[in-house]
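Each chain is listed here by its residues.
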Amino acid sequence: MRAVLSLSKLRSQFVRDVEEISGEDLLACNQCGKCSAGCPVAAAMDMLPSQVIRMAQLGMTEVLQSRTIWICASCLTCVTRCPKGVDLPRLMEALREISLRAGASEIDLNRLPPDLVRELPQLAIVGGFRKYIK
Ligand code: SF4
Ligand code: SF4
């Protein structure tokens, strides 16, 4: 993906929102890649965790189209590996929150197979509501 850098993007409302919602300093990340190397679900992602934070640093709102922000399992593996103390799950949550506020719902309840709904643990359903639906 081609990135066009500008000061206005680096200081954009999007960057401020991500930092405010997550409570994290995006520029703390030095792109070492340890988070991506240890992420247990990286193979299912369309973009590595370190790439997600890089795009957020650069104010690239295209990152909101990535499946990665929905696939992140908040397992905290990356948090234990990050030498800069970046809490990536918080950043992923902030990106999901911004998407949800913009009206994106990742799953449509009406399209879930009834058999699946019957079999899913209630905790998983409630957790899914929290993560995927505004
Ligand atoms: S491990 Fe930390 S510093 Fe390294 S790329 Fe990931 S978030 Fe950035
Ligand atoms: S919290 Fe998310 S990004 Fe970090 S290692 Fe777990 S699944 Fe990967």
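Residues numbered from 1 in each chain as written. Chains lettered and ligands numbered in written order. Predicted model: local features only at pLDDT ≥ 70, side-chain atom pairs only at ≥ 80, totals over all residues. Heavy atoms only, no water.

Once that is clear, we can look at the environment of glutamate 106. Mapped onto the elements, glutamate 106 comes out in the loop between α7 (88–101) and α8 (114–119). Sequence-wise, glutamate 106 and lysine 131 are 25 residues apart; in three dimensions their C-alpha atoms are separated by 8.6 Å. (Helix = DSSP H or I, 4+ residues; strand = E, 2+ residues; numbered from the N terminus.)

Every residue close to ligand 1 is listed here: Cys29, Asn30, Gln31, Cys32, Gly33, Lys34, Cys35, Ser50, Cys82, Pro83, Lys84 and Val86. Here the shell around ligand 1 is composed, by residue class, of six nonpolar, four polar and two charged. (Near = heavy atom within 4 Å. Nonpolar A, V, L, I, M, F, W, Y, C, P; charged D, E, K, R; others polar.)

What follows covers the nonpolar core. In terms of nonpolar packing, the biggest core is built from 30 residues, with Val18, Val63 and Leu95 touching the most fellow members. Secondary-structure elements contributing two or more residues to this core are α2 (13–22), α4 (49–57), α5 (68–71) and α7. Excluding its chain neighbours within four sequence positions, the residues that come into contact with valine 18 are Gly23, Leu26, Leu91, Ala94, Leu95 and Ile98. (Core = buried A, V, L, I, M, F, W, Y, C linked by side-chain atoms within 4.5 Å. Buried < 20%, exposed > 50% of the residue type's maximum accessible area, 1.4 Å probe, protein only. Contact = heavy atoms within 4.5 Å.)

On to the domain arrangement of the protein. Accessible area lost when the parts come together is the quantity often used to give the size of an interface. Domain boundaries assigned for the protein yield domain 1 (7–103) and domain 2 (107–134). Measuring from the centre of the C-alpha atoms in domain 1 to the corresponding centre in domain 2 gives 25 Å. Where domain 1 abuts domain 2, roughly 560 Å² becomes buried across the two surfaces, and 45% of that area is made up of carbon and sulfur atoms. The interface formed by domain 1 and domain 2 contains zero salt bridges. Our count for the contact surface shared by domain 1 and domain 2 stands at zero residue pairs in polar contact (both at pLDDT 80 or more). Of all the secondary-structure elements, those providing two or more residues to the side of domain 1 that touches domain 2 are α5 and α7. At five residues, α7 tops the list of elements feeding residues into the side of domain 1 that touches domain 2. (Domains from an automatic or database assignment. Buried area = accessible area lost by both parts, 1.4 Å probe. Salt bridge = Lys/Arg side-chain N within 4 Å of Asp/Glu carboxyl O. Polar contact = N/O pair within 3.5 Å; in protein donor to acceptor, adjacent residues only side chain to side chain.)

Here we take up the environment of methionine 60. Along the chain, methionine 60 falls in the loop between α4 and α5. Of the residues examined, methionine 60 reaches a relative accessible area of 4% and is grouped as buried. Along the primary structure methionine 60 and lysine 9 are separated by 51 residues, whereas in three dimensions their C-alpha atoms are 7.5 Å apart.

Take the packing of α2 against α7 next. Helix packing geometry: the angle between the two helix axes and the distance between the axes. Running from N to C, α2 and α7 point in directions that differ by 120°, and their axes come no closer than 8 Å. The orientation of α2 relative to α7 falls into the category oblique. The handedness of the crossing between α2 and α7 is right-handed. Residue-level contacts link Phe14, Asp17, Val18, Ile21 and Ser22 of α2 to Arg90, Leu91, Ala94, Leu95, Glu97, Ile98 and Arg101 of α7. Considered class by class, the residues forming the contact of α2 with α7 number seven nonpolar, one polar and four charged. (Axes fitted to C-alpha atoms, helices over the stretch in contact; angles between N-to-C directions. Parallel < 35°, antiparallel > 145°, perpendicular 65-115°, else oblique. Left-handed = near helix turned anticlockwise from the far one by under 90°.)

If you trace the backbone, serine 66 turns up in the loop between α4 and α5. Overall, serine 66 belongs to the buried group, its relative accessible area being 3%. Within the local environment of serine 66, its side chain forms a polar contact with the side chain of aspartate 46, the two groups lying 2.8 Å apart. In this structure, serine 66 is in contact with Asp46 and Met47, ignoring residues within four places of it in sequence.

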